[in-house]
Amino acid sequence: MDGATLTPLWGVPFAGLLLSIALMPLLAPSFWHHHYGKVAAGWALIFLVPFALGHDASTTIHELSHVLMAEYLPFILLLTALFTVAGGIHIRGNLHGSPALNVAILAIGSALASLMGTTGASMLLIRPLIRANDNRKHKVHVVVFFIFAVSNVGGSLTPLGDPPLFLGFLKGVSFSWTLLNILPETLLILGALLVLFWLIDSYYYRKEGVIPADPTPDTRGIGFDGAANFILLATVVGLVLLSGLWKSGVTFDVAGTPIELQSAVRDIGLVAVIFISLWITPSKVHEANQFSWGPMAEVAKLFAGIFLTILPVIAMLKAGVDGPFGAIVRAVTQPDGQPNPAMYFWATGVLSSFLDNAPTYLVFFNTAGGDAATLMTTHHATLAAISAGAVFMGANTYIGNAPNLMVKAIAEDRGVPMPSFFGYMAWSILVLVPLFIVLTFIFYI
């Protein structure tokens, strides 16, 4: 798909799907709850039918095959594996949702996010966090800050943390580069988030007058049920690393889409992990976690529509200065031809808030020259800005990063009245955007 030949009208189906996700739960909640999959499919068809009519069959099949086999299937298999494995681990015990415990869970989750990915850390800790606060009246802010910290910012320190950084690793960025170069930015944002959260949570905690200690003396101690799933969690991380480090040289052609052997091994391994987890996890663990497939089904259906309708938008961005969005690409370069780190941070970040942050990272990585050795040294501030923008600003909307929508779905499944699409954005604008402005002046100007 040549993005230079497209017009912005091709972005209408994607914009329509985003507006549907934002508005229909407010305007027609019952209809949306029962038919969100059909709505996503409808917008996908609004893109696919004109595209198929305007292109030959081989081009259409190639684009569909590439999205399905090379992008959507690996994406959804990884999410399903992490969702299943984390759902098979029950953190038991008397967890009391005090401000101190909540801050501790957010801090631990943020640290784990760079080791097992934002999705893995989110799926592991969101259920015990919700259970710990089930006696709290005001708990929406707890989940919102969890998305900010654990589902996004915490994954900025290694290529395992978030897909954009893993793409950079495959392009030649060293494994430890992000840790050594984005640690100050990460500590600034995380530290500010934890302090703000503690202040807000302490206010509501005092206002509610929650009993400070559970009077039941016979509650079981803190521990794990289904602990064998930790081995499977490590297996998932290992499979992802394997697919990036192993260069087999063997490629299969699937409807014009090259599938490398290491990718096929990873995906088959993830399917095996899913079935093994379901087989070895006792039913009482799933019952204790209130495990259901509803949240996963919602994410799978909505992102199927997103992955299809986003195709022309990404193509137009990839066209660079010659494409319909050339003004965005030109804005990140100074008059002397040098990259502008501050503009790279905001351009990558704002687009990552609404588009898939992995291809957005890649677009600006290549716009900045695409040479990892030069970006890690001469233009290290630019690479840091691109990396931080892609990871941090994925927290700005529910669709900015896959775990955001998964956490929202799980929270709603457990009875937490999560904000609407725009309601959540109000939180991110009030909390995150001022922090990003401060970060820009400290590190990128």
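Values in this document were obtained by computation on a predicted structure and should not be read as measured data.

1. Here we look at the overall build of the chain
Scanning the chain from terminus to terminus reveals 19 helices and four strands. Computed over C-alpha atoms, the radius of gyration of the chain comes to 22 Å, within 12% of the 22 Å expected from 2.2 N^0.38 for 445 residues, which places it in the range of a compact globule. Once the C-alpha set of the chain is aligned to its principal axes, its extents read approximately 70 × 50 × 50 Å. A burial count over the chain gives 54% of its 445 residues as buried.

2. Concerning the nonpolar core
Among the nonpolar cores identified, the biggest contains 126 residues, and F148, L193, F345 and F392 are the most heavily contacted of them. It is helix α4 (residues 99-132) that contributes the most residues to this core, 13 residues altogether. Ignoring any residue separated from it by four or fewer positions in sequence, one finds L193 in contact with F145, F148, A149, V153, V431, L432 and L435.

3. Let's talk about the pairing of strand β3 (residues 251-254)
Relative to strand β4 (residues 257-260), β3 runs antiparallel, the two being bridged by four bridges. Among the inter-strand pairings, V254 is bridged to a residue of β4, identified as T257. Two successive antiparallel strands, β3 and β4, enclose a turn made up of two residues, where A255 displays a positive phi of approximately 50°.

4. Points about the pattern of salt bridges
Within this structure, the stated rule accounts for four salt bridges. Across the pair E208 and R136 runs a salt bridge, and its minimum N-O distance is 3.0 Å. With E208 in helix α7 (residues 177-208) and R136 in the loop between α4 and α5 (140-149), the pair connects residues that are 72 residues apart, well separated along the chain. Close ionic contact of K408 with E412 constitutes a salt bridge, the shortest N to O distance being 3.1 Å. Placement of the pair is K408 and E412 together in helix α18 (residues 402-413), with a separation of four residues, close to one helical turn. Within this structure, R136, D201 and E208 form a network of salt bridges that share partners.

5. Comments concerning the confidence of the model for the chain
When pLDDT is averaged along the chain, the result is 87; 97% of the residues meet or exceed 70. At the level of individual helices and strands, the chain shows its lowest average pLDDT in strand β2 (residues 223-225), which scores 77, and its highest in α5, which scores 96.

6. Some thoughts on helix α2 (residues 29-54)
In this model, α2 (26 residues) spans 36 Å end to end at C-alpha, consistent with the 38 Å of a helix rising 1.5 Å per residue. Most pronounced at H35, the bend in α2 amounts to some 80°. Those residues of α2 that sit buried are W32, Y36, V39, A40, A44, F47, L48 and F51. Buried residues belonging to α2 abut α1 (12-27), α3 (57-87), α11 (294-309) and α12 (311-318).

7. Some details on the layout of surface pockets
In this structure, the second largest pocket encloses a volume near 470 Å³. For the second largest pocket, the lining is made up of 22 residues, of which W32, H33, E298, K408 and E412 are closest to its centre. Within the residue set of the lining of the second largest pocket, elements represented by two or more residues are α1, α2, α11 and α18. Ranked by residues supplied to the lining of the second largest pocket, first place goes to α18 with five residues. The residue inventory of the lining of the second largest pocket, partitioned by class, reads 15 nonpolar, three polar and four charged.

8. Side note on the packing of aromatic side chains
Scanning the entire structure with this criterion turns up 27 aromatic pairs. Taking the centre distance of 6.5 Å and the plane angle of 10° together, the rings of F392 and F436 count as stacked. Within this pair, whereas F392 is found in helix α17 (residues 380-392), its partner F436 is found in helix α19 (residues 421-444), the two being separated by 44 residues in sequence. For F436, a relative accessible area of 0% puts it in the buried group.

9. Re unusual backbone geometry
Here the phi dihedral of Q290 falls at roughly 50°; this positive angle occurs in a residue that is not glycine. For Q290, the position within the fold is in the loop between α10 (283-288) and α11. Judged by relative accessible area, Q290 falls into the partly exposed class, the value being 46%.

10. Concerning the environment of G172
In this fold, G172 is placed in the loop between α6 (163-170) and α7. According to the relative accessible area criterion, G172 is partly exposed, its value standing at 40%. It is 9.7 Å that separates the C-alpha atoms of G172 and G370, two residues lying 198 residues apart in sequence. Not counting residues up to four positions away in its chain, the partners in contact with G172 are A372 and M376.

The rules behind each value
- Residues numbered from 1 in each chain as written.
- Predicted model: local features only at pLDDT ≥ 70, side-chain atom pairs only at ≥ 80, totals over all residues.
- Heavy atoms only, no water.
- Helix = DSSP H or I, 4+ residues; strand = E, 2+ residues; numbered from the N terminus.
- Rg over C-alpha atoms; globule rule 2.2 N^0.38 Å.
- Buried < 20%, exposed > 50% of the residue type's maximum accessible area, 1.4 Å probe, protein only.
- Core = buried A, V, L, I, M, F, W, Y, C linked by side-chain atoms within 4.5 Å.
- Contact = heavy atoms within 4.5 Å.
- Pairing = 2+ DSSP bridges.
- Salt bridge = Lys/Arg side-chain N within 4 Å of Asp/Glu carboxyl O.
- pLDDT = per-residue confidence, 0-100.
- Expected span 1.5 Å × (residues − 1).
- Bend = angle between axes of the 7 residues up to and from the residue.
- 1 Å grid on protein atoms, 1.4 Å probe; cavity = no way out; pocket = protein on both sides within 12 Å on 5 of 7 lines; lining within 4 Å.
- Points joined across faces, edges and corners; volume = space filled by probe spheres on them.
- Nonpolar A, V, L, I, M, F, W, Y, C, P; charged D, E, K, R; others polar.
- Phe/Tyr/Trp six-rings, centres within 6.5 Å; stacked < 30°, edge-to-face > 60°.

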